[in-house]
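Geometric and topological summary
Here is how the chains run, residue by residue.
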Amino acid sequence: MPKNTKIKSVLIIGSGPIVIGQACEFDYSGSQSIRSLKEEGIEVTLINSNPATIMTDPSLADNVYLKPLTTKSIREILIAHPNIDAVLPTMGGQTGLNLCIESDEKGIWEEYGIEMIGVDINAINVTEDREKFRELMLEIGVPMAPQATATSFLKGKEIAQEFGFPLVIRASYTLGGAGASIVYKEEDFDDLLSSGLEISPIHEVMIDKAMMGWKEYELELLRDSNDNVVIVCSIENMDPMGIHTGDSITVAPAMTLSDSTFQKMRDMSIHMMRSIGDFEGGCNVQFAVSPDEKEDIIAIEINPRVSRSSALASKATGYPIAKIATKLALGYNLDELNNQVTGNTSALFEPTLDYVIVKIPRFNFDKFEGCNRVLGLQMKSVGEVMGIGRSFQEALHKATQSLEIKRNGLGADGKEETHYDTIISKLTYASWDRVFIIYDAIKAGISLSKIHDITKIDMWYLKQYEELYSLEKEITSYKLDTLSKELLLEAKQKGYGDRQIAHMLGCLESEVYKKREKLNINRVYKLVDTCAAEFTASTPYYYSTFENTMTTVDGKTFSANESIVTDKKKVVVLGSGPNRIGQGIEFDYCCVHGVLAAKEVGYETIMINCNPETVSTDFDTADKLYFEPVFWEHIYDIIRHEKPEGVIVQLGGQTALKLAEKLDAYGIKIMGTSFEALDLAEDRGRFSELLTELEIPFPQFGTATNADEALEIADQLDFPILVRPSYVLGGQGMKIVINKEELEEHVVSLLRSIPGNKLLLDHYLEGAIEAEADAICDADGNVYIIGIMEHIEPCGVHSGDSNATLPPFNLGEFVMDQIKEHTKNIAIALKTVGLMNIQFGIKNDIVYIIEANPRASRTVPFIAKAYGEPYVNYATKVMLGVNKVTDFTFNPQLEGYAIKQPVFSFDKFPNVDKKLGPEMKSTGESILFIDDLKDDTFYELYSRRKMYLNK
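Calculation rules
- Residues numbered from 1 in each chain as written.
- Predicted model: local features only at pLDDT ≥ 70, side-chain atom pairs only at ≥ 80, totals over all residues.
- Heavy atoms only, no water.
- Helix = DSSP H or I, 4+ residues; strand = E, 2+ residues; numbered from the N terminus.
- Rg over C-alpha atoms; globule rule 2.2 N^0.38 Å.
- Buried < 20%, exposed > 50% of the residue type's maximum accessible area, 1.4 Å probe, protein only.
- Contact = heavy atoms within 4.5 Å.
- 1 Å grid on protein atoms, 1.4 Å probe; cavity = no way out; pocket = protein on both sides within 12 Å on 5 of 7 lines; lining within 4 Å.
- Points joined across faces, edges and corners; volume = space filled by probe spheres on them.
- Nonpolar A, V, L, I, M, F, W, Y, C, P; charged D, E, K, R; others polar.
- Patch = residues over 30% accessible without salt bridge, like charges linked within 9 Å, V, L, I, M, F, W, Y side chains within 5 Å.
- Areas by Shrake-Rupley, 256 points an atom, 1.4 Å probe, with all protein chains shown as cover.
- Salt bridge = Lys/Arg side-chain N within 4 Å of Asp/Glu carboxyl O.
- Lys, Arg positive; Asp, Glu negative; His and termini not counted.
- Charge placed at Lys NZ, Arg CZ, Asp CG, Glu CD.
- Phe/Tyr/Trp six-rings, centres within 6.5 Å; stacked < 30°, edge-to-face > 60°.
- Lys NZ or Arg CZ within 6 Å of the ring centre and 35° of its normal.
- Axes fitted to C-alpha atoms, helices over the stretch in contact; angles between N-to-C directions.
- Parallel < 35°, antiparallel > 145°, perpendicular 65-115°, else oblique.
- Left-handed = near helix turned anticlockwise from the far one by under 90°.
- Expected span 1.5 Å × (residues − 1).
- Core = buried A, V, L, I, M, F, W, Y, C linked by side-chain atoms within 4.5 Å.
- Pairing = 2+ DSSP bridges.
- Polar contact = N/O pair within 3.5 Å; in protein donor to acceptor, adjacent residues only side chain to side chain.
- Right-handed = clockwise from strand over helix to strand, strands pointing away.

1. Examining the overall build of the protein
Secondary structure summary: the protein contains 31 helices and 35 strands in total. Relative to its length of 951 residues, the protein is compact, with a C-alpha radius of gyration of 27 Å against a globular reference of 30 Å. Principal-axis analysis of the C-alpha atoms places the extent of the protein at approximately 75 × 75 × 60 Å. Split into buried and exposed, the 951 residues of the protein put 65% on the buried side. Pairs at least 24 residues apart make up 71% of the contacts formed inside the protein by residues separated by at least 6 positions.

See below:
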């Protein structure tokens, strides 16, 4: 069936600020959906309150409303746009679905004649209400765990008495497993039951008999109006039941499932999707399978929307789920749509993988002091990485190298856990670092059967680990000059990095690199083609691997490399890796705009990133996508292969910036601000010396590399003292100390976690106002300040956790002039070419410099959205040397004020200290526009600005 021609204008509901459980995968889905609608000539109106996303960029939807996600906002939009025909609520995660339900209950869709597409309200209600879902599954003959619904505390107690322990409590209508828990002991039940009932918006929980140790799987489905269904991807959780899928290590395709059971699971998932409602679009189904030879299957849940896993499945297969789901919502059938990766097969053709995907979650427990780090049913990760390899072992290594937690892969880096009791404890109580601990356990001599008994991880995975350790042991018995080509090639094929091999051999990484180059053991690049090379793929989306060389009849040896290098001028954009607190979706926004700007001025663009949730890793954002770890060895090989004119490091946050030194050392051109300037700004001590030369005020300071030096400096500075490490993001390790005892304790703790770091000790400007400025600067010293923001919270609360107001509301002309003058002088002194962010403390009308970052900052997307200007586009063209700042006509549009409001995920860590300080804790942000300072929200924020400061 062709598309529904009655639909001319569609409203999309976004997912709002990033929180744990609902992150930038919905920005990716939403952005794809908007583009899919626009291709059909349909007007798109978007509501979303998140300024950091590509989705809310004015270049995507026709009408973008950066408004709170409320029914009041929905009404305002429908009144302003009476031509809207339909609403698509399936791209905005749980937030989008919940708002859609609330609008339906209030009669808004009926009142304004709005058709719901992509899902129907019955499907949402039956899948979100756990009691209705259970009844339906019983009706259609799909097995589920023994379970019952409780809408009161008393009913919950009765169910627990009937089932016995362990039990699982799941709250209805929540996201990220909020309110869910496993209850092992009767004494814990009352509190966890109360919590689940309270968190559920309808005060309902499902209590299940816990299926501990069962294996967990997910399938991603799409269905059209003709009832055609495709299974896009099967995903296996390496972790057994009991850990939220968002916190699980997941593998695609499913590895340990028999074909007959997989076929049963396929049939069951299609039956479930058809039973929940008559709709066209995407669906995510989760199952548990018994770990014995019977492989009994039970259903866990079904989500009638694009899910967190849809982004992963799209990147894993190259099949754009959100884009196709949107077309189906318009009435198209799967066989009428093209697979955009191959260009010559239909969307009804199911993807086939000839590679393996491993996803590993990224955690940020260090930001939540005192939190419970044991993993369970409530999601705790803040991001994720994905590795692509020819084998599970290679993909696993690439994923661990992508995490950016100072590990070089699994083991062989001197950072293994060796204490037996710690290893056993971390295996028993699922730890965030269990992906490494399994390897350490094998190395410590713990048997696979014991590891399996404790973790219930399938023996196939454990044997894969054991093979890796056996290879490490074998290599360790050689020296570099005696290591054979065959063994070195095997290590590379199994994903070991040069650094790890160097660690095993007791030599330098560069020596291993030279040896494999001499032996012709080089990376080759393969296409992610959705069809196991059965058809030719037309999209340049690559991953690396190592292959045995082949010899032709005329004696030439080669490995098949599918990445063809053009003779066009090229630029590499380094992505920001996994999301984490302090470095989130705002850098993805910057990378995407950097790529688009470079394309506009004639560059072939090459994106390197490993985050499956983002728009930057969409197969058609850059001219070429390398889905690889943002890890030196991988980057260097891509650069040597592609030979770009240079690399942009300013847009990928601290991840990309940390690689600038290596790039510079290897003679690779950094586009824009030089490494010397980047390093000078990062080195707190050298930067303060520059400020002294420029006669720009900054708080009294000293630098220390150990506790004794810190105590000496404390004698010269007045307490309170702000302690800051160099080269970190998100205020990592920053703390205000008020006496020598606290100072010594914190310095020792810092140097244990960041050895060799140079610490800066500042006199803390108590009671100061904090402000910040972002600017674009060119090589001729032209500086344009794109925005100055005043923080509502006092100096000492991290800028990412502060409510930032644009323009300032309380800074006089004298102070504003100092901010402008200091910004221009510092930008010129650092020879900045591109973007820069400077943070200020203001006390007694004197403007002090806190820090300067000559790169894209967290606030750039916020300023761009508030003023309606494409600042990253301009800055990229300046970095590339194509334009000067003076070439652009700046015309910022903002009536009243815009406030960047931080959003926290403290509900995932109920026992942590929620007070704010110099170390960032927020996971996302929203934008609020107000007409004037009499606004109630501003008044409330300002009245409680000081109560949160945590020294």
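Here the narrative resumes.
2. Topic: the layout of surface pockets
To find the voids left in a structure, one rolls a probe of water-molecule size over its atoms. When its volume is computed, the second largest pocket comes out at roughly 1200 Å³. If you go around the second largest pocket, you meet 44 residues; those closest to its centre are Ile182, Tyr184, Val374, Leu375 and Gly376. At the level of secondary structure, the elements contributing two or more residues to the lining of the second largest pocket comprise strand E8 (181-183), helix H8 (186-199), helix H13 (420-428) and helix H15 (448-455). Looking at side-chain class alone, the lining of the second largest pocket contains 21 nonpolar, 13 polar and ten charged residues.

3. Some details on a negative patch on the surface
Residues Asp708, Glu709, Glu712, Glu741, Glu744 and Glu745 make up a contiguous surface patch of negative charge. Sorting the residues of the negative patch by element identifies helix H26 (707-716) and helix H27 (740-753) as the ones contributing at least two each.

4. Notes on the packing of aromatic side chains
Counted according to the given criterion, the structure contains 27 aromatic pairs. A ring pair is formed by Phe365 and Phe909, whose centres lie 6.0 Å apart and whose planes are at 85 degrees; its orientation type is edge-to-face. With Phe365 in the loop between strand E15 (356-362) and strand E16 (383-389) and Phe909 in the loop between strand E34 (897-903) and strand E35 (924-930), the pair connects residues that are 544 residues apart, well separated along the chain. On the basis of relative accessibility, which here comes to 3%, the residue Phe365 falls in the buried class. Judged by its relative accessible area of 2%, Phe909 is buried. Directly above the aromatic system of Tyr28 lies the positively charged group of Lys315, at a separation of 3.9 Å from the ring centroid. The ring of Phe436 carries the charged tip of Arg407 above its face, separated from the ring centre by 4.4 Å.

5. Observations concerning the packing of helix H19 (residues 509-518) against helix H21 (residues 632-642)
Look at H19 against H21: their axes get within 13 Å of each other, and the N-to-C directions meet at 40 degrees. Here H19 lies oblique to H21, going by the angle between them. Relative to H21, H19 is oriented so that their crossing is right-handed. Residues Glu509, Tyr513, Arg516 and Glu517 of H19 touch H21, and the partners they reach there are Trp632, Glu633, Tyr636, Asp637 and Arg640. Here the contact of H19 with H21 is built from residues that sort into three nonpolar, no polar and six charged.

6. Points about helix H1 (residues 25-39)
Here H1 spans 21 Å end to end across 15 residues, near enough to the 21 Å set by a 1.5 Å rise per residue. By the burial criterion, the buried members of H1 are Glu25, Phe26, Asp27, Tyr28, Ser29, Gly30, Ser31, Gln32, Ser33, Ile34, Ser36 and Leu37. Backbone geometry just downstream of H1 places Gly41 in the positive-phi region, at approximately 75 degrees.

7. Some remarks on the nonpolar core
Considering soluble globular proteins, one finds that nonpolar side chains tend to be buried as a cluster. In this structure, Leu574 and Val649 are the most contacted members of the largest nonpolar core, which totals 170 residues. Leaving out residues up to four positions away in the same chain, Val649 has contacts with Leu574, Ala656, Leu657, Ala660, Leu663, Ile670 and Leu678. One finds Ile101, Trp109, Val126 and Leu136 within the second-largest nonpolar core, a separate group that totals 49 residues.

8. Brief notes about the sheet that holds E8
Spatial ordering of the open sheet is given by E6-E9-E7-E8, a layout of four strands whose pairing is antiparallel. A single partner strand is all that each edge strand has here, and the edge strands are strand E6 (147-150) and E8. When strand polarity is set aside, the average angle formed by the axes of neighbouring strands in this sheet is 25 degrees. One ladder, built from four bridges, connects E6 with strand E9 (residues 205-209); its direction is antiparallel. Across the sheet, the residue bridging to Ala148 is Ile207, located in E9. The strands touched by helix H6 (residues 130-140) within the sheet are E6, strand E7 (167-171) and E9, with E6 carrying the most contacts at an inclination of about 150 degrees. Against the sheet, helix H7 (residues 153-163) engages E6, E7 and E9, with an angle of about 165 degrees to E6.

9. Brief notes about unusual backbone geometry
With an omega dihedral of 0 degrees, the bond running from Phe719 to Pro720 counts as a cis peptide bond. Along the chain, Leu806 connects to Pro807 via a cis peptide bond; the corresponding omega equals -10 degrees. Mapped onto the fold, Pro807 is located in the loop between strand E31 (804-806) and helix H28 (813-829). In this structure, His203 is a non-glycine residue whose phi angle is positive, near 55 degrees. For His203, the position within the fold is in the loop between H8 and E9. For His203, a relative accessible area of 45% puts it in the partly exposed group. The backbone phi angle of Lys406 is positive, close to 65 degrees, even though this residue is not glycine.

10. Some thoughts on the sheet that holds strand E10 (residues 215-223)
Spatially, seven strands are ordered E14-E13-E10-E11-E12-E15-E16 in an open sheet, and the strand pairing comes out antiparallel. Because the sheet does not close on itself, it has two edges, and the strands there are strand E14 (297-303) and E16. Taken pair by pair, the neighbouring strands of this sheet meet at an average axis angle of 25 degrees, ignoring direction. Here E15 pairs with E16 via seven bridges, running antiparallel. From the neighbouring strand, Arg362 faces E16, where its bridge partner is Gly383.

11. Notes on the side chain of Glu586
Turning to its location among the elements, Glu586 is positioned in helix H20 (residues 585-600). At 4.0 Å, Arg858 is the nearest oppositely charged side chain to Glu586, a buried residue that forms no salt bridge. Here Gly584 takes part through its backbone nitrogen, which lies 3.0 Å from a polar atom of the side chain of Glu586. Excluding anything up to four places from it in sequence, Glu586 contacts Ala52, Arg858 and Pro861.

12. Examining the side chain of His397
Its place among the elements puts His397 in helix H12 (residues 392-402). Take His397: its relative accessible area is 0%, and that puts it in the buried class. Side-chain polar atoms of His397 contact the backbone oxygen of Lys494, separated by 2.9 Å. If we skip the residues at most four places from it in the chain, His397 touches Gly409, Leu410, Leu468, Lys494, Gly495, Tyr496 and Gln500.

13. Re the packing of H26 against H27
Put simply, H26 and H27 touch, their axes get as near as 9 Å, and they point 145 degrees apart. The two elements H26 and H27 cross, and the hand of that crossing is right-handed. When H26 is examined against H27, the residues Ala707, Ala710, Leu711, Ala714 and Asp715 are found in contact with a partner set consisting of Lys740, Leu743, Glu744, Val747 and Val748. By residue class, the composition of the contact of H26 with H27 is seven nonpolar, no polar and three charged.

14. Section: the pairing of strand E21 (residues 570-574)
Most of E21 is tucked away, with five of its five residues classed as buried. Residues Lys570, Val572 and Leu574 line one face of E21 and the alternating positions Val571 and Val573 line the opposite face, and both faces are buried. As defined by bridge partners, E21 adjoins strand E22 (residues 604-609) across five bridges and the pair is classed as parallel. Across the sheet, Val571 pairs through a bridge with Thr605, a residue of E22. Crossover connection from E21 via H20 to parallel E22: handedness right-handed. Pairing between E21 and strand E24 (residues 646-648): three bridges, direction parallel. Among the inter-strand pairings, Val572 is bridged to a residue of E24, identified as Val647.

15. What to know about the environment of His244
Structurally, His244 can be placed in the loop between strand E11 (229-237) and strand E12 (250-252). Judged by its relative accessible area of 12%, His244 is buried. Considering only alpha carbons, one finds His244 and Leu375, 131 residues apart in sequence, at a separation of 7.8 Å. For His244, the side chain forms a polar contact with the main-chain nitrogen of Gly246, separated by 2.8 Å.

16. Looking at the environment of Ile738
Within the element layout of this structure, Ile738 appears in the loop between strand E27 (735-737) and H27. It is 60 Å that separates the C-alpha atoms of Ile738 and Met273, two residues lying 465 residues apart in sequence.

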